[in-house]
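Chain by chain, the residues:
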Amino acid sequence: MITITAFERSPDGGKGLARDTRVRWALEEVGQPYEVRGVSFAELKQPAHLALHPFGQIPTFEDGELALFESGAIVFHLAQRYPGLLPTEPNARARAITWMFAALNSVEPPILDLFTARVLEADKPWAKDRLALVEQRLRDRLSQLSARVGDAEWLDGAFSAGDLMMVSVLLRARPSGILGEFGNLAAYVARGEARPAYQRAFQAQHAYNTR
Ligand code: GTB
């Protein structure tokens, strides 16, 4: 049985913004059952969990003798091992993997910077100046993505792990209001959320975090 770790209780209260949700979503898309082990903030930094995750974070993934960390690597592993998340045609598969990396390396960082500027650095004397820069960088990146997505349903043909990762990453930008400035990206995210597998994953994490 696959076991993943999640926050014992997510600080978002079940809004689905912690990174176990993308792993749950991938597991639902490929139809693999899984168990969840909740980890407290204290346990994250203790040896037992550090043996699984060198940075003391969630999510992790265990399946028999295999233990993984990093949500991108876990989703990629599931997409490689089970059908449903990556095309079989080699070039289409390479492009879908490219979108996974793009989500994690080119889109997620400016979204995380925004959270850092708005929340973690809000009390710094330079916070307002930096926030303006960070918001502009995110708008620039989303504007580029929006131009590429246009009115396509998914990033490159059929729904793939690239879309799963991109939608997961973009969801974190929604509370800021900036995602909503790009109508086609907001609609793209809504299409991802409407997938039955996402709905099951969201409900599962919500139930877990409100138990
Ligand atoms: N690159 C890693 C990955 O993709 O797996 C990043 C993992 C990561 O940041 N994990 C976070 C964590 O364990 C949880 S998801 N943090 C605890 C720590 O570092 O000590 C980030 C997150 C946390 C909370 C909310 N929230 O409450 O809304 C959303 C996202």
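Here the structure is a predicted model, which means the values were calculated and not measured.

## With respect to the environment of Gln199
Looking at the element boundaries, Gln199 is found in helix H9 (residues 196-209). Distance from Gln199 to Trp25, taken between C-alpha atoms, is 8.3 Å for residues 174 residues apart in sequence. With near-sequence residues (within four places) excluded, Gln199 lies in contact with Glu193 and Ala194.

## Quick look at the site of the ligand
In the vicinity of the ligand lie 15 residues, with Arg19, Lys45, Ile58, Glu70 and Ser71 positioned nearest. A distance of 2.8 Å separates a nitrogen atom of the ligand from a polar atom in the backbone of Ile58. Considered on its own, the ligand offers 680 Å² of accessible surface; in the complex 79% of this is hidden by protein. Most atoms of the ligand, that is more than half of them, are within 2 Å of grid points of the largest pocket. Here the shell around the ligand is built from residues that sort into seven nonpolar, three polar and five charged.

## Some thoughts on the packing of helix H8 (residues 183-194) against H9
Where H8 contacts H9, the axes come no closer than 5 Å and their chain directions differ by 75°. When the interaxial angle is binned, H8 and H9 end up roughly perpendicular. Taken together, the residues of H9 that come into contact with H8 (itself represented by Gly192, Glu193 and Ala194) are Pro196, Tyr198 and Gln199. Grouping the constituent residues of the contact of H8 with H9 by class yields three nonpolar, two polar and one charged.

## Comments concerning the sheet that holds strand S3 (residues 60-63)
As summarised here, the arrangement of the four strands in space is S2-S1-S3-S4, forming an open sheet in which the pairing is mixed. Looking along the sheet, the strands with just one partner apiece sit at the ends: strand S2 (34-39) and strand S4 (66-69). Pairs of neighbouring strands in the sheet enclose a mean axial angle of 20°, with direction left out of account. Sheet topology note: the strand S1 (residues 2-7)/S3 ladder contains two bridges and is antiparallel. Directly across from Ile4, in S3, lies its bridge partner Phe61. The strands touched by helix H1 (residues 20-30) within the sheet are S1 and S2, with S1 carrying the most contacts at an inclination of about 150°. Contacts between H9 and the sheet are confined to S1 and S2, with S2 contributing the most and set at about 35° to the helix.

## Digging into the pairing of S3
Where S3 and S4 come together, four bridges link them in antiparallel fashion. The residue of S4 that forms the bridge with Phe61 is Leu68. The antiparallel hairpin formed by S3 and S4 contains two residues in its connecting segment, where Gly64 sits at a positive phi of about 60°.

## A short note on the domain arrangement of the protein chain
Looking at the assigned domains, one finds that the protein chain contains domain 1 (2-85 + 197-209) and domain 2 (90-195). With 16 residues of domain 1 in contact, the opposing surface of domain 2 contributes 21 residues. Around 1600 Å² of area is buried between domain 1 and domain 2 when both sides are counted, 62% of it from carbon and sulfur atoms. In terms of surface lost to domain 2, no three residues of domain 1 exceed Leu17, Arg22 and Trp25, which account for 35% of the buried area on that side. Summed over the shared surface of domain 1 and domain 2, the result is three salt bridges.

## Things to note about the pattern of salt bridges
According to the stated counting rule, one finds twelve salt bridges in the structure shown. Two residues, Arg195 and Glu29, come together in a salt bridge whose shortest N-O distance is 2.8 Å. Of this pair, Arg195 sits in the loop between H8 and H9 while Glu29 sits in helix H1, placing them 166 residues apart in sequence. The partly exposed category is assigned to Arg195, whose relative accessible area is 22%. A salt bridge links Arg130 to Glu121, with the shortest nitrogen-to-oxygen separation between them at 2.8 Å. Judged by its relative accessible area of 23%, Arg130 falls in the partly exposed class. Here the salt bridges do not stand alone but share partners, grouping Arg118, Glu135, Arg139 and Glu181 into one network.

Cut-offs used in this document
- Residues numbered from 1 in each chain as written.
- Predicted model: local features only at pLDDT ≥ 70, side-chain atom pairs only at ≥ 80, totals over all residues.
- Heavy atoms only, no water.
- Helix = DSSP H or I, 4+ residues; strand = E, 2+ residues; numbered from the N terminus.
- Contact = heavy atoms within 4.5 Å.
- Near = heavy atom within 4 Å.
- Polar contact = N/O pair within 3.5 Å; in protein donor to acceptor, adjacent residues only side chain to side chain.
- Areas by Shrake-Rupley, 256 points an atom, 1.4 Å probe, with all protein chains shown as cover.
- 1 Å grid on protein atoms, 1.4 Å probe; cavity = no way out; pocket = protein on both sides within 12 Å on 5 of 7 lines; lining within 4 Å.
- Sits in = over half its atoms within 2 Å of the grid points.
- Nonpolar A, V, L, I, M, F, W, Y, C, P; charged D, E, K, R; others polar.
- Axes fitted to C-alpha atoms, helices over the stretch in contact; angles between N-to-C directions.
- Parallel < 35°, antiparallel > 145°, perpendicular 65-115°, else oblique.
- Pairing = 2+ DSSP bridges.
- Domains from an automatic or database assignment.
- Buried area = accessible area lost by both parts, 1.4 Å probe.
- Salt bridge = Lys/Arg side-chain N within 4 Å of Asp/Glu carboxyl O.
- Buried < 20%, exposed > 50% of the residue type's maximum accessible area, 1.4 Å probe, protein only.

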